[in-house]
Amino acid sequence: MSKFERRFEKYAIRNLTTLLIACYAVGYIIQLINSDFLFYLTLDPWQILHGQIWRLFTWIVVPPSVGNLFTTLIMLYFYWSIGTTLEHTWGTYRYNVYLFAGFLFTILGSFLAMGLGFLIYGNVLDLSTPESCAALFRVGSLFFSTGYVNTSIFLAFAATFPDVQVLLMFLIPIKVKWMGLVYGIIVLWEFIQGAATNAMTSVGNVFRLDISLFPRVAILASLLNFFVFFFTSRKGILRSPKQIKRQQEFKREVRRNTGAVTRHKCAICGRTEETHPDLEFRFCSKCNGNYEYCQDHLFTHTHIV
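Not measured: the values here are computed from a predicted model.

**Q** Just checking my understanding: could you explain unusual backbone geometry for this structure?
**A** Glycine aside, residues mostly have negative phi, and peptide bonds are mostly found in the trans state. Phi at asparagine 15 takes a positive value of approximately 55°, unusual for a residue other than glycine. Note that asparagine 15 resides in the loop between helix H1 (2-8) and helix H2 (16-34).

**Q** What is the right way to look at H2 in this model?
**A** Residues separated by three or four positions in an α-helix point in the same direction, a consequence of the helix having 3.6 residues per turn. The end-to-end C-alpha distance of H2 is 27 Å, a good match for the 27 Å that 19 residues give at a rise of 1.5 Å each. The set of residues buried in H2 consists of Leu16, Thr17, Leu20, Ile21, Tyr24, Gly27, Tyr28 and Ile30. On its buried face, H2 sits against helix H5 (69-90), helix H6 (92-120) and helix H8 (147-160).

**Q** Looking at this model, I keep getting lost on the packing of H5 against H6. Mind explaining?
**A** To characterise two packed helices, one gives the angle between the axes of the helices and the distance between these axes. Packing of H5 against H6 brings their axes to within 6 Å, and their N-to-C directions diverge by 130°. Relative to H6, the element H5 is oriented oblique. Contacts between H5 and H6 pair Gly83, Leu86, Glu87 and Trp90 from the former with Thr92, Arg94, Tyr95 and Tyr98 from the latter.

**Q** What exactly am I supposed to notice about the pattern of salt bridges here?
**A** Side-chain pairs of opposite charge can arise whenever the charged atoms involved come near each other. In the structure shown here, the tally under the stated rule is four salt bridges. Two residues, lysine 175 and aspartate 163, come together in a salt bridge whose shortest N-O distance is 3.9 Å. Here lysine 175 is found in strand S2 (residues 172-175), whereas its partner aspartate 163 is found in the loop between H8 and strand S1 (165-168), with twelve residues between them in sequence. For lysine 175, a relative accessible area of 31% translates into the label partly exposed. Take aspartate 163: its relative accessible area is 49%, and that puts it in the partly exposed class. In this structure, arginine 271 and aspartate 296 form a salt bridge, with 2.8 Å as the shortest nitrogen-oxygen distance. In this pair, arginine 271 is assigned in the loop between helix H11 (241-258) and strand S5 (281-283) and aspartate 296 in the segment after strand S6 (292-294), connecting sequence segments 25 residues apart. Judged by relative accessible area, which is 42%, aspartate 296 ranks as partly exposed.

**Q** Which parts of the structure should I look at to understand empty space enclosed by the protein?
**A** The method is simple in principle: a probe with the dimensions of a water molecule rolls over the atoms, and the space it marks as empty is what remains. Throughout the structure, instances matching the rule amount to one cavity of 30 Å³ or more. Here the largest cavity is characterised by a volume of approximately 30 Å³. When contributions to the lining of the largest cavity are tallied by element, the ones reaching two or more residues are H6 and helix H7 (130-141). Residue classes in the lining of the largest cavity are distributed as six nonpolar, three polar and no charged.

**Q** How do you make sense of a positive patch on the surface when you look at a structure like this?
**A** The grouping of Lys3, Arg6, Lys10 and Arg263 at the surface amounts to a positive patch. Among the secondary structure elements, lysine 10 is positioned in the loop between H1 and H2.

**Q** Teacher, can you tell me more about the packing of aromatic side chains here?
**A** Geometrically, a pair of aromatic rings is defined through the distance of the ring centres and the angle of the planes. Under the definition given, this model contains 15 aromatic pairs. With a centroid separation of 6.1 Å and an interplanar angle of 40°, the aromatic rings of phenylalanine 37 and tyrosine 40 are classed as tilted. Since its relative accessible area comes to 49%, tyrosine 40 is described here as partly exposed. Where tryptophan 46 meets phenylalanine 137, the ring centres are 6.1 Å apart and the plane angle is 25°; that geometry is what we call stacked. Separated by 91 residues along the polypeptide, tryptophan 46 in helix H3 (residues 45-49) and phenylalanine 137 in helix H7 bring together distant segments of the chain.

**Q** Which parts of the structure should I look at to understand a nonpolar patch on the surface?
**A** On the surface, Phe4, Phe8 and Tyr11 cluster together into a nonpolar patch covering about 350 Å² of accessible area. Within the secondary structure layout, phenylalanine 8 lies in helix H1. For phenylalanine 8, a relative accessible area of 32% corresponds to the partly exposed category.

**Q** Help me understand the environment of phenylalanine 154 in this model?
**A** Tracing the sequence through the fold places phenylalanine 154 in helix H8. Residue classification places phenylalanine 154 among the buried positions, given a relative accessible area of 1%. Expressed as a C-alpha distance, the spacing of phenylalanine 154 and tyrosine 79, which sit 75 residues apart in the sequence, is 7.6 Å. Non-local contacts of phenylalanine 154, meaning those with residues more than four positions away in its chain, are made with Phe78, Tyr79, Ile82, Val176, Met179, Gly180 and Tyr183.

**Q** It is not clear to me how the packing of H6 against H8 should be interpreted in this structure. Could you clarify?
**A** At a minimum axis separation of 10 Å, H6 and H8 run at an interaxial angle of 145°. The handedness of the crossing between H6 and H8 comes out as right-handed. For the pair H6 and H8, the contacting residues are Tyr95, Tyr98, Leu99, Gly102, Phe103 and Thr106 in the first and Val149, Ser152, Ile153 and Ala156 in the second. Among the residues making up the contact of H6 with H8, the classes are represented as seven nonpolar, three polar and no charged.

Definitions and limits used
- Residues numbered from 1 in each chain as written.
- Predicted model: local features only at pLDDT ≥ 70, side-chain atom pairs only at ≥ 80, totals over all residues.
- Heavy atoms only, no water.
- Helix = DSSP H or I, 4+ residues; strand = E, 2+ residues; numbered from the N terminus.
- Expected span 1.5 Å × (residues − 1).
- Buried < 20%, exposed > 50% of the residue type's maximum accessible area, 1.4 Å probe, protein only.
- Contact = heavy atoms within 4.5 Å.
- Axes fitted to C-alpha atoms, helices over the stretch in contact; angles between N-to-C directions.
- Parallel < 35°, antiparallel > 145°, perpendicular 65-115°, else oblique.
- Salt bridge = Lys/Arg side-chain N within 4 Å of Asp/Glu carboxyl O.
- 1 Å grid on protein atoms, 1.4 Å probe; cavity = no way out; pocket = protein on both sides within 12 Å on 5 of 7 lines; lining within 4 Å.
- Points joined across faces, edges and corners; volume = space filled by probe spheres on them.
- Nonpolar A, V, L, I, M, F, W, Y, C, P; charged D, E, K, R; others polar.
- Patch = residues over 30% accessible without salt bridge, like charges linked within 9 Å, V, L, I, M, F, W, Y side chains within 5 Å.
- Areas by Shrake-Rupley, 256 points an atom, 1.4 Å probe, with all protein chains shown as cover.
- Lys, Arg positive; Asp, Glu negative; His and termini not counted.
- Charge placed at Lys NZ, Arg CZ, Asp CG, Glu CD.
- Phe/Tyr/Trp six-rings, centres within 6.5 Å; stacked < 30°, edge-to-face > 60°.
- Left-handed = near helix turned anticlockwise from the far one by under 90°.

Structure, rendered in structure tokens:
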């Protein structure tokens, strides 16, 4: 991953958790105004294949179901806190890869569930009447949300900081690794039981179907990034913050002592990615020559002709 990281790190989205929480906020507002409208945003592969391409992106806006306003705010703050901490610890690029992998696996899982649905419920579904298929996959799409992706974020946090203590219910101090273990047991139980075993559907002449297939596939797909990312990159991730800080300080000291040449430098102000790591640098296509500018001068400089 290091080669890809060096090449694509500059494209990583900073504060990705904040953007995710902002999407949830939009979803909660839509839910208050018109909750039925959320059904037009869910990850429904049947509707996607019938032209509703926006669902590939808008399902992220559908917020997880929590409860009252107080518990919702606590949940949003909690996931913002652990997500931001992971980004600072792993680095923006690795955190982006982890989160977007969860999104991608969830999308692929929804289409896999649709294919399995045709195999399992093929004798019930009447393809000549698309309404029966739409009704089934409309219910199944509700399970493919960011809920289990959020669980993967927490499991990643628990694996990275196993000995960090949090206050359960604001009173009981408990180490994150034990909470992660409980989360894992709950998810495993949900997978074995099938959260939708008794879900009511209206498909053709059959009004009751065991559609536990959908939550089971959703669980596997949404948590696949946790298993893949940690089994392939655990040596580069499972480090303490002190180890990461020492490594970063060592790299900066080596650059200072060796006088390493920077890769990016603004032609106007002279700032580089070493002196200002938060800046973005781009080449100007209208200048005659390879002139690179920082984000503050990219659109304000005088073109060199």
